[in-house]
Amino acid sequence: MTNQQHEMLASMGIDVWIQRTPAAPINPLVKVTNLAELARSVAKCMRCELHEHRIQTVFGTGAADASWLIIGEAPGAEEDRCGEPFVGRAGQLLTAMLRSIGLAREQVFIANVLKCRPPNNRDPKEHEVAQCAEYLSEQVRLIQPRIILAVGRIAAQSLLKTATPIGKMRGQRYTYGEQQIPVVVTYHPAYLLRSPQEKRKSWQDLNFAKKLFEESCA
Ligand code: URA
């Protein structure tokens, strides 16, 4: 049964106990072999309504073979304008946080769960995260990081498919994907700007991540 027939019967009050055919993605991803190709696919994405509002997609920046992958939530207004993640005040704090554990921004790869800015910086919707998830998993496949740092609730919950509050996720080692890449969760720098008293906890999280990273290299 087509979705159209399904909708017609439903509008006549007839219950249809047949699953709707899921809508095919508008631009299904063809297999890509490098980040530049993936970025070109992302730039054309129209899988969800966020493409209507964006100035540009924000794919992510950094070393293509980075050992550290930092994942945030979604671009904000400045990132939408520049096409780079974490360029605003929160970005400056993220850079300082990374530097505190000896990492330069150019050494890591920084990306977001969503590649387009949600209007008025609202929280990402579930279907937006679902449509964008393939891009993130492809970034992980191509970069093959040794460790992932999820910054903020949205990144942590989307990546690890959980509703656990971020405060309860801190200080633990999670893994992502078949390769079981270690994941550490910490607070979002925008939250830390509002709640500077939590910076100490975030510093602990970063040191925990560094320790796991060093162990994985030993
Ligand atoms: N916040 C995010 O989560 N990502 C950005 O790129 C900027 C701000």
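The structure reproduced in this document is the subject of the present report. Computed from a prediction, not measured in an experiment: that's the story for all the values here.

What counts and how
Residues numbered from 1 in each chain as written. Predicted model: local features only at pLDDT ≥ 70, side-chain atom pairs only at ≥ 80, totals over all residues. Heavy atoms only, no water. Near = heavy atom within 4 Å. Polar contact = N/O pair within 3.5 Å; in protein donor to acceptor, adjacent residues only side chain to side chain. Areas by Shrake-Rupley, 256 points an atom, 1.4 Å probe, with all protein chains shown as cover. Pairing = 2+ DSSP bridges. Helix = DSSP H or I, 4+ residues; strand = E, 2+ residues; numbered from the N terminus. Contact = heavy atoms within 4.5 Å. Axes fitted to C-alpha atoms, helices over the stretch in contact; angles between N-to-C directions.

Some thoughts on the site of the ligand
Consideration 1: In the neighbourhood of the ligand, the contacting residues comprise G72, E73, A74, E79, P85, F86, N112 and H188.
Consideration 2: For the ligand, an oxygen atom lies 2.8 Å from a polar atom in the backbone of E73.
Consideration 3: Within the contact set of the ligand, an oxygen atom lies 2.8 Å away from a side-chain nitrogen or oxygen of H188.
Consideration 4: Expressed as a share of its isolated accessible area of 240 Å², the protein-covered part of the ligand is 91%.

Description of the sheet that holds strand β3 (residues 109-112)
Consideration 1: Pairing in this open sheet of six strands is mixed, and the strands run β1-β3-β2-β4-β6-β5 from one edge to the other. The open sheet is flanked by β1 (61-62) and β5 (174-176), the only strands paired with a single partner.
Consideration 2: In this structure, strand β2 (residues 68-72) lies alongside strand β4 (residues 147-151), joined through four bridges in parallel fashion. Bridge assignment links I70 to a residue of β4, and that residue is L149.
Consideration 3: Packed on one face of the sheet, helix α9 (residues 199-217) meets β2, β4 and β6 (181-186) and runs near 170° to β6.

Purely geometric stuff here, so don't read any function into it on its own.
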